[in-house]
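Each chain, letter by letter, is given below.
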Amino acid sequence: MNRSFNKSQSLRYLDCTAVEVKSKYGAEFRRFSVDRFKPGKFEEFYKLILHIHRITNMEVMLGYADVHGDLLPINNDDNFCKAVSTANPLLRVFIQRQEEVDYSSFGTNTLTRKKKAVVTLRNDVNRKRPHIRIGMPQDFRPVSSIIDVDILPESHRRVRLYRHGSDKPLGFYIRDGTSVRVTPHGLEKVPGIFISRMVPGGLAESTGLLAVNDEVLEVNGIEVTGKTLDQVTDMMIANSHNLIITVKPVNQRNNIVRSSRISGSSGQSTDSGSSAGFAGMPPPIAGHSFPPDDLESDEESDIVIESNLKRPSRRSTSSTASRAQPQAMPPAPPPPPPPSPPRPPSVISTASFHSQPSLNGAGNHNLSYKLHRDLNLQHHHSSTPIIRESNGSLHKILNTLRTDPRHSLALPRGGVEEDGTVITL
Amino acid sequence: MKRFRRHGQETHRDRLKQELYQFAKTVEHGFPHQPSALGYSPNLQLLAIGTRSGAIKLYGAPGVEFMGLHDENAAVTQIHFLPHQGELITLLDDNSLHMWTLRAHQGLSELLEVGRFTLTGPPGAPPSVTRVTAVLAHSSGELLFLGTEGGHVFVVEVPGFRELEERNISVEAVQQRVPEDYMGRRNLECVEALQENPLNPHQILIGYSRGLMLTWDLDTNCSRHHFLGTQQLESVWWTPDGQQILSSHSDGSYCQWTLNDEDRQAEPDKHEMPYGTFPCKAISKIMQLSTKQGPPFLIFSGGMPRASYGDRHCISVIHSKTHVALDFTSRIIDYFATTSGAQGKGEPSALVVLVEEELVVVDLETEGWPVIQTPYLAPLHCSAITCSHHVSNIPLKLWERIRAAGQHQSAHYSRKPWPVKGGQNLAPDAPQRDLLLTGHEDGTVRFWDASGVCLYPLYKLSTAGVFHADADTTDNMNHGAEGEWPPFRKVGCFDPYSDDPRLGIQKIHLCKYSGYLAVAGTAGQIVVLELNDEPAEQLVEGTLADLLQGQEGFRWKGHTRLEVREEAVAFPAGFQPFALVQCQPPAVVTSLALHSEWKLVAFGTSHGFGLYDYQQKNTVLVRCTLNPSDQLALEGPLSRVKSIKKSLRQSFRRIRRSRVSVRKHHVGNAAKLQEINARLEAEALQEMELAPVQRKIEARSSDDSFTGLVRTLYFADSFLSDGSHNSPSLWAGTNGGSVFAYTLRLPPSDRRMEDPITAYPAKEIQLMHRAPVVGIVVLDGRGAPLPEPLEVAHDLARSPDMHNAHHLLVISEEQFKMFTLPKVSSKLKLKLTALDGSRVRKVGVASFGSSRVEDYSESGLVVLTNQGDLHVISLPSLKMQVRYPCVRREDVSGIASCVFTKYGQGFYLISPSEFERFSLSARWLVEPRCLVELPPTPSSSASKPLPRAQPDGAAVQHRNFRRDRENCEENVSPRVMEHALLNDEKVLQEIQRSLEGDQTSYLEHHSKSKPGGGKLITNGE
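For the structure given in this document, a descriptive report is provided here. (Residues numbered from 1 in each chain as written. Chains lettered and ligands numbered in written order. Predicted model: local features only at pLDDT ≥ 70, side-chain atom pairs only at ≥ 80, totals over all residues. Heavy atoms only, no water.)

Quick look at the overall build of chain A
Helix and strand counts for chain A come out as eleven helices and 13 strands. Burial analysis of chain A (425 residues in total) assigns 46% to the buried set. The contacts in chain A between residues at least 6 apart in sequence include a share of 65% that link residues at least 24 apart. Roughly 22,700 Å² of accessible area belongs to chain A as shown, and the carbon and sulfur atoms make up 55% of that amount. (Helix = DSSP H or I, 4+ residues; strand = E, 2+ residues; numbered from the N terminus. Buried < 20%, exposed > 50% of the residue type's maximum accessible area, 1.4 Å probe, protein only. Contact = heavy atoms within 4.5 Å. Areas by Shrake-Rupley, 256 points an atom, 1.4 Å probe, with all protein chains shown as cover.)

Here you go:
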């Protein structure tokens, strides 16, 4: 440690703009430097590292030691930039193979603890709480934000919960209660709606922005006064894909200080003061009222499956069959039905699905793009004319698609039976 | 400029809205829930029914109905019309008396409450002293005699409710004239009965509970005759000739006394126990009606042998050699007899009996005493209502055929006209013929004429004949063997006990053009029926529809399928079944659609849906919508419910058997009961506060229960696959927010019998908010909903616009969403729940006509939310137009029972036996419009009040003013009622005004030449 410090001191004399980098992969070290002010892209840095260590065909995870001695990941331009700019003066980079990444090693005090752990028993390290997986940048998405700080009274907080694509439950309960209001006639007790419970591991709890006994004042810009508990419940559920709750927190100590306007802290309570906004986060929505339609983002679109009609297949009783249709065949009016024997009562005609570019999915978030890609992929996979079962499974597939895009990548056990699909999102 | 124009458009729209929409609850159909009192005016020919919730309803000729509601939520215990007047007095459970009047206003009569009064005794007296037990409205029309629990009779002057203390008949005054040995140490107990001498209005009969009866001379203020009865008195009857008195007693006996010159009679002329030897129950009411020639009619209720028939609700009618014990299925409230002549004179013509669940009228003039069919007060709940369906604008042909079929069924009814015929129905003829169909738990469908104010039964269809029912047909307790004693005869149709709940009707769809009817029930049965004017034998073959489609790992634990009869069954003229589908598993049918042009029936349960071709009698399509993880739907939750229901029914039967007839005056008990109830309620509330209710906030997921339940099915001829060729299609919407669309391929009509119909899946839509889909509508190129099948063929609707693009409207519980067709993409939406937290419970398409311009009308969606609010939403723009609160949000069954008509009206159940009719349309309105002409008053009573229109509150003003003066003059202790009124600021102001100014009105009122018919409380709406 001391040595490197000294050395970097000396280097600084030579060139102040260079940052000395010491990267470690297994037992091997490499040293090089990057420009402090123009560090370049993460991708380039990543390639450089792989090249230097001669592990070009390996998937690795990069980490660095920050000023506090914490091991933090480098996996996008931003944290790479941050790593370089905060290098003091040496940037220590640790390389782990993607398969071997120990996520528990990231985070606060990790490096110092690790040192201790090495001294003490190794088992202790393994017994730590389950790690939080840190995904690649494209998987990042906001889960919550505080919005409209500038227009709300200091005692109120407007929280936006993003649920799209996640299978995490919203995870909270509300109840009736009484709140005290200051009115011209003095203090008055009025009925109000309060958060009564948080589900551990739920979205609401994980944000840290809502707490038990917070009074709910508005749901997506609509005041809840005069509404029954059931009505407010229904309103929240109806807005569950993009829920904006204005609360009066029961704990007024952690209110936002006006001068430091922090937008969109993720997963941290706002009073910490150290959280930084993620790039690529949508800016907080300003404006006093919330016409729900304006707020509505495209994640609420319904899934529509349209099937091209084709010749009905003749099948035995309970199995369903479909024959793939050549892709090139344009959608044509259905041919007249062939004179066929009376169909058994349990016959289901299946759909042949036709892949088309999504019309309005282009501007959508990753989910839709991936959905699309997956289905196309699936289409190629199953374009050979095979007879398949299709009984409500499309529905099943859609459910899985909706809840977790990653599942669909892996193509779950049920399998997509259709020959192709158009999904409009 | 732009803003200005838009403003102009908005005001135009506002004006149009006023012309299109107007909300009113117009009339209550059916039988009042929990009736508690009956009154009849032979002069006005009106009958009045009071209920336990404080409502009073007046009925006369068909169509003549009035309704009023007391402010107090107390049961109406007695109703008395003031003789020769348009006024009536009600006595409530809380011991308050109320005066109501029929006031003519703009050519129509209104029922208004014009006064209220609570008897006040001397200071310090126990409440029993003033607890009213008997009321006599004197024939002078000026006096009310109020018998009380303490044994006093108070005299009150009406209208105005002025106590005439000097004329009161105190129990002490009576006791002086009664021999010491009779009195003993016991008191006379309460006044049980008060009767006026039919010939001499100056004499009244007072009957005490203890058994003593005496006549009281009003001129001399002393008693004349004493009848020293020894049995607990139940009721008295003064025969019309004034010579005899009948008394009925609690031991099941009655006595006959003759008025002679003797001052005291210790023994009756006749003492009889009709169902004697063994102990009998009380005879609660007795009457004897004389006939010109021959023996009189003796009519009495109760008196049955306690041990063997103590649970029967009977009225015995004895005339000459004929003796019949009319056996009712529910408790008798009260009864009266009508006479053929006016003013209560002439031969007895009919016996009108109000029992707890229906009104039964027995024709006494026709041999065999048949029952006269009631034109109103129909007991809708004969068997519990399980669903309802409304069909507007029935073609005359079908109407006549249904009526004819119904007439075959009502052959056993008397042909005599309805005996209660007071008032005139001034309502214009109904603009169209409307049918309301109610499905019942016992598998029947009842057809009601819902065109006008009276919901009149047209026809009753039973589907039970198709199946082998569990019902024990040998149970013939109704038909007594020859020579049985007592001679029971079952009357009335109220029979709430269904022997097989699987027969219950859940969905009904009638095609008014073709006369095809589809009816679906609790055990997954779908019966298709056709109207046939002749009786016929039909062999109904069942088709099984396996909705599971080989879904694995699943057991249905619910009820079994109904067993179909394998032999041909004779069906009477009317709707006759010819096709039957049975779903497997036999879960309750949750949606049904019939397309009579394509001859297809679509049905859905919690497992899936199917399409049945009733021409070829085969299943075209079956689709399982089940989510494999949905265990609840798989097992069938009904299994547990059913068993509870069964045991409940059994225990109810047991209770009914053991229940003894409730005595008339349970004064103390009622008060005590109320107190206990209040305390329990408070405790329950407290408990609730301790453990607060909380609601989980969670988005719906595909794993929720019953996501596969099919909520709605819809047939449309539209552009499903491409924009240039329309084709028949079937749409289904589920509880999980999915919509399935199928293209149907129908063979040409000449090959319809041979070629199969085929269905291909065309589209699936998964609404992201996953709320249950409650409605699907396709709008044509003009934005109008597609017409019903055959509607265009019958020239009753404009053919749909097929040139411009059609739109699909999907209505979920939370949103209204418009999609383009054939390429389904979202175009417009209205998010109801996100806006105000209410959810769509019922939705219908209705046409609203302008009240100003004859030929302007527009379509709209009528919506009832879970908050009980009605909304009208415009089509195709999906804008909220109007909102009216209609049903209480706690009234879940009321909201669930709502049906809409095609012209902006609707019905919902306000009790198990009553439909409330409401109207949202400014053009169509069915409401009672009737006039009761007051009979010419006898010359002696020149002071008869003529109803006169006065500003609101006038009556209160006058009465209070006068009371005020009385208080000053007589120094009477302040009265409770008055105190309450004086607390009212408005009333005080009015008193002040009248003190300052208009003295004449006070004098006028005081002299009773023109008492105020002012409106104190308007409940007539």
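What follows continues from the structure just given.
As for the overall build of chain B
Looking only at helices and strands, chain B has 14 helices and 66 strands in total. Split into buried and exposed, the 1021 residues of chain B put 57% on the buried side. Pairs at least 24 apart in sequence give 60% of the contacts found in chain B among residues at least 6 apart. Per element, the accessible surface of chain B, about 43,000 Å² overall, is 50% carbon and sulfur.

What to know about the sheet that holds strand 53 (residues 738-745) of chain B
Across the sheet, which stays open at both edges, the five strands sit in the order 13(A)-54(B)-53(B)-52(B)-51(B) with antiparallel pairing between neighbours. The open sheet terminates on both sides in strands that have one partner only, identified here as strand 13 (303-306) of chain A together with strand 51 (710-718) of chain B. Between one strand and the next, the sheet's axes are offset by a mean angle of 20°, whatever the strand orientation. (Pairing = 2+ DSSP bridges. Axes fitted to C-alpha atoms, helices over the stretch in contact; angles between N-to-C directions.)

Some thoughts on the environment of D150 of chain A
Residues and elements named next belong to chain A. By secondary structure assignment, the location of D150 is in the loop between strand 6 (144-147) and strand 7 (157-162). Taking the relative accessible area as the measure of exposure, D150 reaches 43% and is therefore partly exposed. Along the backbone, D150 and T17 are 133 residues apart, and their C-alpha atoms lie at a distance of 39 Å.

Points about the sheet that holds strand 5 (residues 90-97) of chain A
Residues and elements named next belong to chain A. Reading across from one edge, 2-1-5-3-4 is the order of the five strands in this open sheet, with mixed pairing throughout. On the outer flanks of this sheet lie strand 2 (28-35) and strand 4 (71-74), each paired with one strand and no other. For this sheet, the mean angle separating the axes of adjacent strands, direction not counted, is 30°. Taken together, the eight bridges between strand 1 (residues 18-25) and strand 2 define a ladder with antiparallel strand orientation. Bridge pairing in strand 2 links S23 to R30.

Considerations on the pattern of salt bridges
The tally for this structure, following the rule as stated, stands at 39 salt bridges over all chains. A salt bridge links R181 of chain A to E215 of chain A, with the shortest nitrogen-to-oxygen separation between them at 2.9 Å. Of the two residues, R181 of chain A sits in strand 8 (residues 172-183) while E215 of chain A sits in strand 10 (residues 215-219), which places them 34 residues apart along the sequence. In this structure R181 of chain A comes out as partly exposed when scored by relative accessible area, which is 27%. Here E754 of chain B and R751 of chain B are joined by a salt bridge, their closest N and O atoms 3.9 Å apart. What emerges from the salt-bridge pattern is a single network uniting D234 of chain A together with R700, R711, E813, E814, R839 and R841 of chain B. (Salt bridge = Lys/Arg side-chain N within 4 Å of Asp/Glu carboxyl O.)

A word on the packing of aromatic side chains
Residue and element names in this part refer to chain B. One pass over the full model with this rule turns up 27 aromatic pairs over all chains. Ring plane angle 45° and centroid distance 6.0 Å describe the contact between Y459 and F575, whose orientation is recorded as tilted. Highlighted residues: Y459 in strand 35 (residues 456-462) and F575 in strand 45 (residues 574-584), separated in sequence by 116 residues. Pairing F609 with Y742 gives two aromatic rings, centres 6.0 Å apart and planes at 80°, and the pair type is edge-to-face. Of this pair, F609 sits in strand 48 (residues 608-613) while Y742 sits in strand 53, and the two are 133 residues apart along the sequence. For the pair shown, F609 and Y742 are each scored as buried. Between the NZ or CZ atom of K285 and the centre of the ring of Y335, over which it lies, the distance is 5.0 Å. Lying over the aromatic face of F488, R312 brings its terminal NZ or CZ to 4.3 Å of the ring centre. (Phe/Tyr/Trp six-rings, centres within 6.5 Å; stacked < 30°, edge-to-face > 60°. Lys NZ or Arg CZ within 6 Å of the ring centre and 35° of its normal.)

Re helix 5 (residues 396-409) of chain B
Residue and element names in this part refer to chain B. Look at helix 5: 20 Å from first C-alpha to last across 14 residues, which is about the 20 Å you get at 1.5 Å a residue. Here helix 5 has its buried residues at L398, W399, I402, A405 and G406. The buried residues of helix 5 occupy an angular sector of 130° when projected down its axis, which confines them to one face. Turned more than 90 degrees off the buried face of helix 5, the exposed positions are K397 and H408. (Expected span 1.5 Å × (residues − 1). Arc of directions from axis to C-beta.)

Observations regarding the pairing of strand 35 of chain B
Residue and element names in this part refer to chain B. Relative to strand 35, strand 34 (residues 444-449) runs antiparallel, the two sharing six bridges. By the bridge assignment, F447 is partnered in strand 35 with Y459. Joining the antiparallel neighbours strand 34 and strand 35 is a turn of six residues.

Concerning the environment of H84 of chain B
Residues and elements named next belong to chain B. Within the fold, H84 resides in the loop between strand 6 (76-81) and strand 7 (87-92). Under the relative-accessibility criterion, H84 is labelled partly exposed at 25%. For H84 and G141, which are 57 residues apart along the polypeptide, the C-alpha to C-alpha distance reads 7.2 Å. Polar side-chain contacts of H84 include one of 3.3 Å to the side chain of N43. (Polar contact = N/O pair within 3.5 Å; in protein donor to acceptor, adjacent residues only side chain to side chain.)

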